[in-house]
Amino acid sequence: MEDTGTFIADYYRHFSAEDLQGYSPDTLERRALHHLDLAADRIPGHAATGILTEPDASVVAIATDNMPYLVNSVTAELTRQNAAIRLVVHPMFAVLRDRDTHRIVDIHHVPAPGSTARFVSTDREIVCEESWIAVEITRLGDAAAGEELLESLSGVLADVRAATVDKAAMQRQAIAVADSLEALPGGAGMPDLQQATDLLRWMANGNFTFLGYREDDAAARQGYDGQAATPSGGLGLLRESPRGILPLRAALPEPRKPADPRLLTLTKAGWRSTVLRPSYLDQITVKSYGPDGKGNGERHFVGLFAASAYNQPVREVPIVRDKVEEVLQRCAFPPESHSGETLLAVLESYPRDELFQIDVEDLVSIARGIVHLQERRRTRLFLRPDTYQRFLSALVFLPRDRYSTGVRQRVEHELGRTFGTDTIEFETRLSESALARLFFRIWLPAGGQVPQIDVPALERRLAAAVRSWAEGIEEVLRGRFEAGEAARLAALWSDAFPARYRVDYEVEDAADDVSRFEAFDLQAAGGHAADDPVVSVQVPAGTATILAEDARIKLYFAQPRSLSQVLPFFHNLGLEVLDQRPFEIRRGDGREFFLYDLGLKYPAGVDPADTSTLLADAFRAAMRGDIESDSFDGLVLTEGIDWQRVVILRSYAKYLRQLGTTNSYGFMAESLLANVRVTHALLGLFETSFDPGLTGTDRVQGMEIARKELGAAIDEVPTLDADRLLRAFMNLIEATLRTNFFQHRPYLSYKFNPSAIAGCPFPRPKYEIWVYSPRVEGVHLRFGAIARGGLRWSDRREDFRTEILGLVKAQTIKNAVIVPSGAKGGFFPKRLPSPFLDRGAWLAEGLESYRVFIRGMLDLTDNLVPTGTGTALVPPRDVVRHDGDGSTVSGSATPSPQGDRLAMTTRRWASLPGAPGNRSKIISESWASTSSTRTSPLRASAT
C-alpha cells in the first residue's frame with residue numbers, strides 16, 4: 001500500500017492550496033486518515049458511512065463503489081436535511097481488497113473513471129473502483145442527529161445503487177415496450193401508438209434518466225373491475241424493497257379505467273427523486289394489452305428528463321412535436337406573420353414539462369391567450385389541472401418591471417391560500433419581453449380534488465398582488481375616500497413607505513396606516529395631538545403556540561421615539577417583545593412619521609383582545625408623560641385595572657416611601673399583583689369613599705361593604721410582610737380626608753389626617769397634603785389652623801418629607817411668639833434638565849413643578865368668595881370632604897406674584913381687602929431652596 005503522505009496527496013489532488021486555505025495540515029491529515037479507516041474493510045456492493053465530529057464542524061464521510069449521480073444525490077439530501085455544506089472532497093481510488101476480509105491491500109488514485117489497469121484481480125484479491133465523498137457541514141447537535149443523517153444518506157445511496165444497477169435493464173425495457181406496441185394487433189387504430197413508440201425510443205437514446213420501472217396488471221391496486229392481481233417485479237426505485245415500491249405506490253396515480261382510450265400518459269409522480277436532483281419524478285405510463293386486445297394493465301417508467309429534452313427544438317421532440325403542429329394548424333396563423341412567429345416563440349419557450357403533459361385542447365386555448373396578450377402590460381393567469389387531479393399548473397404573466405422576489409412570494413401566497421396548500425414549485429423566466437412569466441406547480445392536499453374556483457376573481461387578486469406600490473396605494477385610497485381626498489393622500493403617501501415595509505406588508509395595510517397617521521392634528525385643526533401616539537392592537541386568528549406571538553401592536557408617532565423609550569413600558573406591563581420592526585416614513589411633503597410593529601407574548605391568562613383598550617390607553621399615557629412607567633404597570637393587564645386607577649395605588653406607594661416604610665417599591669407592586677382580591681378591594685374602598693356621585697346613605701353603606709370585603713381579602717394573604725403592607729395601604733385610604741382624583745387632573749393630591757396613619761413619624765401635623773405627579777412630588781405639613789411657614793424646592797428625592805418635617809419643627813419654635821403653630825411645604829421636581837447645559841430651562845421646569853404643586857393643594861382647598869355681606873365658603877368641585885369646612889392653609893403677609901396668579905386662575909383668593917393676616921385667614925408663604933447655591937426670586941402663596 002502506498003505511504004500515508006502519498007495517500008493524503010492523492011486524497012486532496014484536485015484542491016489547490018488556495019482551496020484549502022484556512023485548514024491546518026493536521027486537520028486535513030486527520031480527515032483523510034479517518035476516511036481511510038472508515039473504508040478499510042468495506043464490503044463491495046455496500047456503502048461505508050460515518051461522521052467525524054470536530055469542535056466547529058462535522059465531516060460526513062462516504063466510501064462506496066463508483067457510480068453516477070453520487071455527489072449530486074448526497075449533497076441534495078444534505079441540503080434537504082438543512083445541513084449547511086462548507087466543503088466537498090471527492091477523490092476516486094482504485095482499491096485492491098482481500099476477497100475474504102475485504103481489507104485494503106493497496107490503494108491508488110484513479111485519474112479517470114475506469115482507469116484501474118494498475119491493479120489486477122486474483123483469486124485472493126479483488127479490484128474495486130471506489131468513490132469516496134467527504135462533506136464538511138456545520139456541527140451536528142448530538143449523536144442522535146448524526147445517526148438520523150447517516151440513515152437517510154444510506155437510503156439515498158441504496159436508491160442510487162438500485163437505479164445504477166438497473167439502468168441498462170430499464171433502457172432495454174423501454175425498447176421492449178416500444179417493440180411490443182409496434183407488434184400490437186389492431187395498433188394501427190390507436191392514435192397515440194406511434195407517439196408512444198417514438199417517445200420510448202427517444203427516451204432510451206439518452207434523453208431520459210431512468211430511475212424506476214414497474215408493471216401493474218389489471219387490478220394491481222384494485223382498479224378496473226376489482227379482479228385480484230399481482231404486480232410484477234420492478235426495477236430501480238420501483239423494486240420490491242422498503243425504499244422502493246412501498247413509498248412510491250402511494251405516489252403513483254390510480255390506474256386508468258379500461259374505457260380510457262389513451263395509450264400513453266405523461267405526468268409528475270407525487271414523489272421527489274432521491275437520485276441526481278430533488279425534483280418531482282417524471283412519470284410515463286403505457287397501457288398494456290392482452291391477446292384479446294383488451295387492456296390488462298399498465299407499465300410505469302419514472303425518472304427525470306435529461307437536459308437534452310429541454311434544449312432540443314419543440315419540433316424535434318416526440319409527443320411535443322405532434323402537439324405543436326396541431327396547435328399551429330388550429331390557430332391558422334400564417335407562418336411568416338407576426339402572430340405566427342409569436343405563436344411558435346410561445347411554444348418554444350413554453351415549460352417543456354408542461355408540453356409533455358398538457359392536452360392539445362388546453363394548449364391551444366392557453367397559447368392563443370398568450371399570443372393575444374403579447375406585450376400588453378397586464379397580469380394574466382392560465383390554469384391547467386393534472387390528468388390525475390393531483391396538482392395544477394399555473395402560468396402567470398406580469399409586467400417585467402414589477403417582478404421581484406416579494407412579488408413572486410405574494411403570488412405564491414395567493415395561490416396557496418386559494419387552493420389550500422403550501423406545496424408549490426415555481427420557475428421564473430425573464431427575457432427581453434415586456435412581460436415576466438412565472439410558472440407554478442401547485443400540489444393539492446393528499447386525497448383532495450381540484451376545487452371549483454372563480455378564475456377571473458383569482459386573476460384579479462393576482463393583479464392586485466403584482467401591482468406597483470404606488471398604483472396599489474392609489475387604488476385602495478380611491479376605494480376608501482372621495483376622489484379629491486384620495487388624490488391628495490396618494491400624492492403624499494404613495495412613495496412614503498420604505499422598501500423594507502413594502503416587503504412585509506400589503507398596500508391595504510399601508511392604507512390603514514395612512515388613515516392612522518392622518519388622524520394626527522398637524523395643522524391645529526382639532527385632531528389627534530402630535531405628542532399622543534396612535535395605537536392599534538391586532539390579535540391573530542387561532543390559538544398561539546409556544547413562542548408564537550399572541551398579538552401584534554402597531555405604534556404610530558408623529559414625533560421621533562427611540563426603541564429604548566418604547567420597549568421598557570411593555571416589559572413593565574409583563575409582556576415579552578418577541579420582535580420589532582421599526583420604520584421611518586417620510587411623507588411627500590417631507591414630514592416624518594414613525595411606525596413600530598411589535599410581536600408580543602402575553603402573560604398566561606391574559607386575553608390580548610379583551611385588554612387591547614387597556615394596553616393602548618396606558619401606553620399613550622406613558623408616552624404623553626401622564627404616568628411614570630414602572631412595575632405598577634403590571635396591574636393594567638394582569639388585573640384589568642385602567643392606568644388612571646393604577647396611579648391611585650402608585651401615589652399611595654410613593655407616599656409610604658416618604659413615610660419611611662421598610663418595604664421596597666418593587667415589593668409593593670409585587671404584593672398588589674400577587675393579591676388580586678385585595679388590590680380591587682383597596683380601589684373599591686377608595687372609590688366609594690370619594691366618588692362625588694355617591695351621597696349620604698349610599699356612601700356610608702358602600703364604605704362599610706368595601707371595608708368588610710377588604711378585611712376579608714387581607715385575611716387571605718398568605719405572608720406576614722405582604723399582610724402588613726396591604727393593611728398600610730388600607731390605613732392610608734382610611735386616613736385620607738380629601739382627594740382631587742375625580743377632578744381628572746394630570747396630578748393627584750390627597751389631604752391626610754396624619755394622626756390616623758399608623759407609623760407616621762412624630763411630631764404628627766394636624767393636616768398634611770400630598771401631591772403626586774410624574775413631574776413633581778410634594779408635601780405640605782400644617783400643625784394648626786393658623787400657621788406660618790414656607791415652601792422649599794428640595795433636592796432630596798427619597799426623603800424630602802423628612803427634610804420638611806425637620807424644618808417645620810424649627811419653624812414652630814421660631815414663630816411661637818407670633819403664630820402658635822408652624823407649617824412647611826416642599827416639593828421635588830423629577831424632570832429637571834441639567835442646569836449646566838441650560839440653566840434657563842432648569843429654572844423654568846422648577847417653576848412649572850412649583851405651579852403643579854400649588855395647583856394640587858388649591859384643588860383640595862375651600863374657597864372664600866366675597867359677597868355683598870361678607871364672604872361665603874365654597875367647597876372645591878368633585879371633592880368629597882371627610883373633614884368639614886376649612887379654608888386656612890399658611891403663609892406670610894407678602895404674597896408672591898406667581899402664587900397670586902395661580903390663586904386667581906383657580907378662583908382661590910390669596911388675600912382680601914383689609915389687613916393681611918387672621919381676618920382673611922390667608923397667609924402667604926416664602927419659597928426657599930435646600931441648596932445653598934440655588935436661589936429664586938419667587939414668593940409662593942397658597943390657600
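Residues numbered from 1 in each chain as written. Predicted model: local features only at pLDDT ≥ 70, side-chain atom pairs only at ≥ 80, totals over all residues. Heavy atoms only, no water.

**Examining the sheet that holds strand 12 (residues 380-385)**
Here's step 1: As summarised here, the arrangement of the four strands in space is 12-13-15-14, forming an open sheet in which the pairing is antiparallel. Strand pairing shows two members of the sheet lacking a second neighbour, strand 12 and strand 14 (424-429), which therefore form its edges. Averaged over neighbouring strand pairs, the angle between their axes works out to 15 degrees when direction is ignored.
Here's step 2: Bridging between strand 14 and strand 15 (residues 435-443) involves six bridges; their strand directions are antiparallel. Paired with I424 across the bridge in strand 15 is I442.
Here's step 3: Contacts from helix 13 (residues 405-419) reach strand 12, strand 13 (391-399), strand 14 and strand 15, with the element oriented near 35 degrees to strand 15.
Here's step 4: Across the sheet, helix 14 (residues 455-466) lies against strand 12 and strand 13, angled at about 130 degrees from strand 12, the strand it touches most. (Pairing = 2+ DSSP bridges. Helix = DSSP H or I, 4+ residues; strand = E, 2+ residues; numbered from the N terminus. Axes fitted to C-alpha atoms, helices over the stretch in contact; angles between N-to-C directions. Contact = heavy atoms within 4.5 Å.)

**Examining the pairing of strand 18 (residues 576-586)**
Side-chain direction in a regular strand flips from residue to residue, so the side chains alternate between the two faces of the sheet.
Here's step 1: Pairing geometry for strand 18 and strand 19 (residues 592-601), over 10 bridges, is antiparallel. Directly across from Q580, in strand 19, lies its bridge partner L598.

**Here we look at the sheet that holds strand 8 (residues 235-236)**
Here's step 1: Read across the open sheet, the five strands follow the order 8-7-11-10-9; overall the sheet is antiparallel. On the outer flanks of this sheet lie strand 8 and strand 9 (264-272), each paired with one strand and no other.
Here's step 2: As defined by bridge partners, strand 10 (residues 280-289) adjoins strand 11 (residues 295-305) across eight bridges and the pair is classed as antiparallel. Its bridge partner lying in strand 11, K287 is registered against E298.

**Considerations on helix 26 (residues 720-735)**
Here's step 1: In this model helix 26 runs 22 Å from its N-terminal to its C-terminal C-alpha over 16 residues, within 8% of the 22 Å that 1.5 Å per residue would give.
Here's step 2: Of the positions making up helix 26, those classed as buried are A722, D723, L725, L726, F729, M730, N731, L732, I733 and A735.
Here's step 3: Of the surrounding secondary structure, the elements contacted by the buried residues of helix 26 are helix 22 (643-659), helix 23 (665-674), helix 24 (676-690), helix 25 (696-715), strand 20 (736-739) and strand 21 (748-752). (Expected span 1.5 Å × (residues − 1). Buried < 20%, exposed > 50% of the residue type's maximum accessible area, 1.4 Å probe, protein only.)

**Details of the pattern of salt bridges**
Here's step 1: This model, assessed by the stated rule, comprises 73 salt bridges.
Here's step 2: Between R330 and E326 there is a salt bridge, and its shortest N-O distance comes to 2.8 Å. One end of the pair, R330, and the other, E326, are both in helix 9 (residues 320-331), four residues apart, so they sit about a helical turn from each other.
Here's step 3: Between D862 and R881 there is a salt bridge, and its shortest N-O distance comes to 3.1 Å. On the criterion of sequence distance, the pair formed by D862 in the loop between helix 28 (839-858) and strand 26 (863-867) and R881 in the loop between strand 27 (870-874) and helix 29 (897-905) is long-range, its members being 19 residues apart.
Here's step 4: Residue D862 is classed as buried on the basis of its relative accessible area of 2%.
Here's step 5: Note on R881: relative accessible area 28%, which makes it partly exposed.
Here's step 6: One network of salt bridges, with partners in common, ties together R30, R31, E54, R86 and E136. (Salt bridge = Lys/Arg side-chain N within 4 Å of Asp/Glu carboxyl O.)

**Some remarks on the packing of aromatic side chains**
Here's step 1: Per the stated rule, a full pass over the model turns up 47 aromatic pairs.
Here's step 2: Seen from their ring centres, F208 and F210 are 5.0 Å apart, and the 75 degrees between their planes marks the pair as edge-to-face.
Here's step 3: With a centroid separation of 6.2 Å and an interplanar angle of 80 degrees, the aromatic rings of Y652 and F686 are classed as edge-to-face. Of this pair, Y652 sits in helix 22 while F686 sits in helix 24, placing them 34 residues apart in sequence. With respect to class, Y652 is no different from F686; both count as buried.
Here's step 4: Taken together, the aromatic side chains of Y652, Y655, F686, F690, F741, F742, Y750, F752, W770 and F800 make up a single cluster linked through ring pairs.
Here's step 5: Over the face of the ring belonging to F426 we find R408, whose NZ or CZ atom lies 3.8 Å from the ring centre. (Phe/Tyr/Trp six-rings, centres within 6.5 Å; stacked < 30°, edge-to-face > 60°. Lys NZ or Arg CZ within 6 Å of the ring centre and 35° of its normal.)

**As for the pairing of strand 6 (residues 125-137)**
Here's step 1: Of all 13 residues in strand 6, 11 are buried; the element is thus mostly enclosed.
Here's step 2: Summarising the sheet, strand 2 (residues 57-65) and strand 6 pair through eight bridges and their orientation is antiparallel. Bridging from a neighbouring strand, D65 pairs with E130 of strand 6.
Here's step 3: Summarising the sheet, strand 3 (residues 85-89) and strand 6 pair through four bridges and their orientation is antiparallel. Looking at the pairing, V89 lines up with A134 of strand 6.

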